[in-house]
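Each chain, written out:
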Amino acid sequence: MQPSSEERTRVTLSTGHEITLPLELEFAMGGVTVLARRDRLEALLPDALSALGVAPGIGCVTFVGVRYHRVGGERGDDTALEPYDEFAVIVPAVREGRGDSSIGKLVGGEIGGYVHWLPVTTDASVALGREIWGYPKERAGIGIDDSALAFQCVLDDGDVDSDSDTGVRERVRLEVPHPRTRIGSRERDWTLWSYTTKDGALLRSEAEIRGEIALGTPLGARIELASDLRADLGCWPRPLARLYGTRVRARLHSGEPVGDA
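### Examining the overall build of the chain
Then, in step 1: Along its length, the chain carries 3 helices and 16 strands.
Then, in step 2: Per-residue burial for the chain yields a buried fraction of 49% across its 261 residues.
Then, in step 3: Across the chain, every contact between residues at least 6 apart in sequence was considered, and the portion connecting residues at least 24 apart equals 67%.
Then, in step 4: Within the structure as shown, the chain displays about 12,600 Å² of accessible surface, and the carbon and sulfur contribution to it stands at 49%.

If you want it as structure tokens, here you go:
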């Protein structure tokens, strides 16, 4: 990840926290991608985006749990937020593609991920995401355990369940086993686009990501979703692929409007 040429600026959030952009991050993550009905996904996307098709009538959704170890505060920058956890629901999408078929939509298009839902564990992180990028963040109970065997993420809805040992009803349970070998796990240097809606506009943000990240077949990965969330996305809970990364670094740039939402 090369040094950014973007001018570094400070922004004060409504919570009083000051952060510097581009935002420097360090985190561990685990996630899976599952198949979903494209018509359901299209209903969730702004008009300028189309759900990435993997087969006729079929798209996909990615679920990622993240445990942040550092949020800001690098290279003499004294601004930093308290580390937090999050759970991301991302719809792979194409912007400005041509054609009606799943393959045709890729022609001349830009592939990125539309952030549909982003629960987090602190008020400061809610303000950070909503006020700068328009990310659909909200406070939620998230438990992450990155043990020696697997990355686990549990999201609860805050309602008491009398049949549960913990008294809390789970909305999501994600489990991604650690790679058994280094095969498939390598140092990666990516530039990715994320899309959000903010102030009536479609916002595109660049994320530079670097770290040892494993991609591959599910191999024991699983995700359990509450029935309403599964119906909203029109997805099947059987993972197609998994990803895992530890000591991942990222630089998140301020977004730019790219059209009406």
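Text resumes after the structure shown.
### Remarks on the side chain of Ser-194
Then, in step 1: Secondary-structure assignment places Ser-194 in strand S12 (residues 185-198).
Then, in step 2: Looking at Ser-194, the relative accessible area reads 13%, which means it is buried.
Then, in step 3: Side chain to side chain, Ser-194 and Tyr-135 meet in a polar contact 2.9 Å long.
Then, in step 4: Once residues within four sequence positions are removed from consideration, Ser-194 is found in contact with Gly-113, Val-115, Tyr-135, Leu-203, Arg-204 and Ser-205.

### Overview of the packing of aromatic side chains
Then, in step 1: This structure, assessed with the given rule, holds 5 aromatic pairs.
Then, in step 2: Aromatic side chains Phe-27 and Tyr-68 sit 5.6 Å apart centroid to centroid with 65° between the ring planes, which places their arrangement in the edge-to-face category. Taken together, the positions of Phe-27 in strand S3 (residues 23-37) and Tyr-68 in strand S5 (residues 58-71) put the pair 41 residues apart, joining distant regions of the chain. Tyr-68 carries the same exposure label as Phe-27, and that label is buried.
Then, in step 3: Aromatic side chains Phe-63 and Phe-87 sit 6.1 Å apart centroid to centroid with 15° between the ring planes, which places their arrangement in the stacked category. Separated by 24 residues along the polypeptide, Phe-63 in strand S5 and Phe-87 in strand S6 (residues 85-95) bring together distant segments of the chain.
Then, in step 4: The structure contains a cluster of three or more aromatic residues connected by ring pairs, namely Phe-27, Tyr-68 and Tyr-84.

### What to know about the pattern of salt bridges
Then, in step 1: What the rule picks out here adds up to 18 salt bridges.
Then, in step 2: Salt-bridge contacts for Glu-24 lead to Arg-8; the nearest nitrogen and oxygen are separated by 3.4 Å. One end of the pair, Glu-24, is in strand S3; the other, Arg-8, is in the segment before strand S1 (9-12), with 16 residues separating them in the sequence.
Then, in step 3: Taking the shortest distance from any N to any O, the salt bridge between Arg-139 and Asp-123 comes out at 3.1 Å. Here Arg-139 is found in strand S8 (residues 137-139), whereas its partner Asp-123 is found in helix H2 (residues 123-132), with 16 residues between them in sequence.
Then, in step 4: Look at the salt bridges and you will find they share partners, linking Arg-8, Glu-24, Glu-208 and Arg-251 into a network.

### Here we look at the pairing of S6
Then, in step 1: For S6, a buried count of 10 out of 11 residues is recorded, marking the element as mostly surrounded by other parts of the structure.
Then, in step 2: Across 3 bridges, the pairing between strand S4 (residues 49-51) and S6 is antiparallel. When the bridges of S6 are listed, Ala-51 appears paired with Ala-93.
Then, in step 3: Judged from the 6 bridges that link them, S5 and S6 form a sheet pairing that is antiparallel. By the bridge assignment for S6, Phe-63 is matched with Val-89.

### Some points on the environment of Arg-67
Then, in step 1: Its place among the elements puts Arg-67 in strand S5.
Then, in step 2: Ignoring any residue separated from it by four or fewer positions in sequence, one finds Arg-67 in contact with Glu-26, Phe-27, Ala-28, Tyr-84, Asp-85 and Ile-144.

### As for the environment of Asp-145
Then, in step 1: One can find Asp-145 in strand S9 (residues 141-146).
Then, in step 2: Look at Asp-145 and you get partly exposed, because its relative accessible area is 39%.
Then, in step 3: Considered as a pair, Asp-145 and Glu-175 are 30 residues apart in the sequence and their alpha carbons are 9.5 Å apart.

### Thoughts on the nonpolar core
Then, in step 1: By size, the foremost hydrophobic cluster in this structure holds 35 residues, and its most contacted members are Val-32, Val-61, Phe-63, Phe-87 and Ile-223.
Then, in step 2: Setting aside anything within four residues of it in sequence, one finds Ile-223 in contact with Val-32, Val-34, Phe-63, Val-172, Arg-173, Leu-174, Pro-237 and Pro-239.
Then, in step 3: If you look at the next biggest cluster of nonpolar residues, it comprises 31 residues, including Leu-21, Tyr-68, Ala-127 and Ala-250.

### Structural notes on unusual backbone geometry
Then, in step 1: Cis peptide bonds are those with omega within 30 degrees of zero, and the linkage from Leu-21 to Pro-22 qualifies with -5°.
Then, in step 2: Structurally, Pro-22 is set in the loop between strand S2 (18-21) and S3.
Then, in step 3: Its identity as a non-glycine residue notwithstanding, Asp-199 has a phi of 55°, on the positive side.
Then, in step 4: On the basis of relative accessible area, Asp-199 is assigned to the exposed category, the value being 73%.
Then, in step 5: Positive phi outside glycine occurs at Arg-247, with the angle close to 55°.
Then, in step 6: In this structure, Arg-247 sits in strand S15 (residues 235-252).

Cut-offs used in this document
Residues numbered from 1 in each chain as written. Predicted model: local features only at pLDDT ≥ 70, side-chain atom pairs only at ≥ 80, totals over all residues. Heavy atoms only, no water. Helix = DSSP H or I, 4+ residues; strand = E, 2+ residues; numbered from the N terminus. Buried < 20%, exposed > 50% of the residue type's maximum accessible area, 1.4 Å probe, protein only. Contact = heavy atoms within 4.5 Å. Areas by Shrake-Rupley, 256 points an atom, 1.4 Å probe, with all protein chains shown as cover. Polar contact = N/O pair within 3.5 Å; in protein donor to acceptor, adjacent residues only side chain to side chain. Phe/Tyr/Trp six-rings, centres within 6.5 Å; stacked < 30°, edge-to-face > 60°. Salt bridge = Lys/Arg side-chain N within 4 Å of Asp/Glu carboxyl O. Pairing = 2+ DSSP bridges. Core = buried A, V, L, I, M, F, W, Y, C linked by side-chain atoms within 4.5 Å.

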